[in-house]
Amino acid sequence: MSVRILPSGFAGTTPVASLTDTARAALFDELVAQDWNRFHRYAYQLSRGNSDDTDDILAETLIDAFKAFDKFSGTGFDRWFFRMLTRNHIDLVRRAKVRRAFSLDTGLPLFEGKNIQLAGTADPPDGFIHRTLSEPMQAALDSLNEQHRAALLLADVEGLDYDEIAQVLALPLGTVRSRLHRARAKMRAALESYGCDIG
């Protein structure tokens with residue numbers, strides 16, 4: 001379990017809704033900034049290294065989180081934000097399937113070659129993820145379905161415990177354990193197929 005420092009002037013018992021607009025925005029910015037690297041890494045891994053999808057997920061989650069910030073309980077901001085990231089990623093994947101089906105049926109281009117860069121969400125440095133994950137490890141991770149991937153990333157990359165993962169994914173604890181067991185078994189099998197000695 002990770003320890004987060006609450007910003008100065010914010011006692012976790014103060015309802016966010018009771019803060020002034022300026023104080024609420026400052027608190028939100030400070031809480032996001034504390035874990036921005038973790039949020040970015042998680043979104044990047046969920047989107048399988050696709051920078052455009054990472055930017056979309058992060059932008060949508062920032063907007064959703066700020067709109068819902070009045071309902072934030074004052075504790076566990078990282079888990080609350082991870083939950084929104086996961087939900088927005090799943091929605092993005094669903095929308096992408098619909099877009100692909102639409103584009104195949106109509107033959108109309110969906111994009112006009114425009115590359116839009118969101119402020120503050122630049123790509124991670126070259127090799128950021130691949131320096132930490134070997135090629136076989138990255139390929140094994142990419143082979144997992146979305147549910148197993150999210151659970152494994154939250155546990156083994158972000159360091160959340162089972163209870164925290166259950167909160168983030170809105171799942172019973174037993175389901176989290178099951179998904180992690182299956183995800184790790186699939187990772188092990190995939191790594192063995194790449195000739196890695198797991199020991």
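Residues numbered from 1 in each chain as written. Predicted model: local features only at pLDDT ≥ 70, side-chain atom pairs only at ≥ 80, totals over all residues. Heavy atoms only, no water.

When you look at the overall build of the protein chain in this model, what are you seeing that I'm missing?
The helix and strand tally for the protein chain stands at nine helices and zero strands. In the protein chain, the succession of α and β elements from N to C terminus is α-α-α-α-α-α-α-α-α. Long-range contacts, defined as pairs at least 24 residues apart, comprise 67% of the intrachain contacts of the protein chain with a sequence gap of at least 6. When the accessible surface of the protein chain is split by element, carbon and sulfur atoms take 55% of a total near 11,500 Å². (Helix = DSSP H or I, 4+ residues; strand = E, 2+ residues; numbered from the N terminus. Contact = heavy atoms within 4.5 Å. Areas by Shrake-Rupley, 256 points an atom, 1.4 Å probe, with all protein chains shown as cover.)

What exactly am I supposed to notice about the nonpolar core here?
Residues Phe 69, Phe 77 and Leu 85 are the most contacted members of the largest nonpolar core, which totals 45 residues. Mapped onto this core, the elements with two or more residues apiece are helix H1 (21-34), helix H2 (36-46), helix H3 (51-67), helix H4 (77-106), helix H6 (135-142), helix H7 (146-157), helix H8 (162-169) and helix H9 (173-193). Top contributing element to this core by residue count: H4, with seven residues. Residues contacting Phe 69, with those up to four places away along its chain left out, are Val 16, Arg 24, Leu 27, Phe 28, Leu 31, Phe 77 and Trp 80. (Core = buried A, V, L, I, M, F, W, Y, C linked by side-chain atoms within 4.5 Å. Buried < 20%, exposed > 50% of the residue type's maximum accessible area, 1.4 Å probe, protein only.)

Is there a simple way to think about the confidence of the model for the protein chain in this case?
It should be kept in mind that the predicted coordinates are not to be read in detail where pLDDT is low. With 72% of its residues at a pLDDT of at least 70, the protein chain reaches an overall mean of 77. Ranking the elements of the protein chain by mean pLDDT puts helix H5 (residues 128-132) last, at 43, and H2 first, at 93. Below a pLDDT of 50 lies the segment residues 1-5, which in the model reaches 11 contacts outside its immediate sequence neighbourhood of four places, other chains included. In this model residues 100-132 is a low-confidence stretch, pLDDT under 50, and it forms 26 contacts with partners more than four residues away in sequence or in other chains. (pLDDT = per-residue confidence, 0-100.)

Explanation requested: the packing of aromatic side chains in the structure shown.
For any pair of aromatic rings, geometry is given as the distance between the ring centres together with the angle between the planes. Summed over all chains, the structure comprises 14 aromatic pairs. Between Phe 69 and Trp 80, the aromatic rings sit 6.3 Å apart at their centres with planes inclined by 50 degrees, giving tilted as the arrangement. Of this pair, Phe 69 sits in the loop between H3 and H4 while Trp 80 sits in helix H4, placing them 11 residues apart in sequence. These aromatic residues form a ring-pair network of at least three members: Phe 28, Phe 39, Tyr 42, Phe 66, Phe 69, Phe 72, Phe 77, Trp 80, Phe 81 and Phe 82. (Phe/Tyr/Trp six-rings, centres within 6.5 Å; stacked < 30°, edge-to-face > 60°.)

Just checking my understanding: could you explain the packing of H2 against H7 for this structure?
Two elements in contact, H2 and H7, have axes whose closest approach is 10 Å; the angle formed by their N-to-C orientations is 150 degrees. Considered as vectors, H2 and H7 are oriented roughly antiparallel to each other. As for how H2 packs across H7, the hand of that crossing is right-handed. Mapping the contact onto sequence places Arg 41, Tyr 42, Gln 45 and Leu 46 in H2 and Glu 146, Arg 149, Ala 150, Leu 153, Leu 154 and Val 157 in H7. Considering only residue class, the contact of H2 with H7 consists of six nonpolar, one polar and three charged. (Axes fitted to C-alpha atoms, helices over the stretch in contact; angles between N-to-C directions. Parallel < 35°, antiparallel > 145°, perpendicular 65-115°, else oblique. Left-handed = near helix turned anticlockwise from the far one by under 90°. Nonpolar A, V, L, I, M, F, W, Y, C, P; charged D, E, K, R; others polar.)

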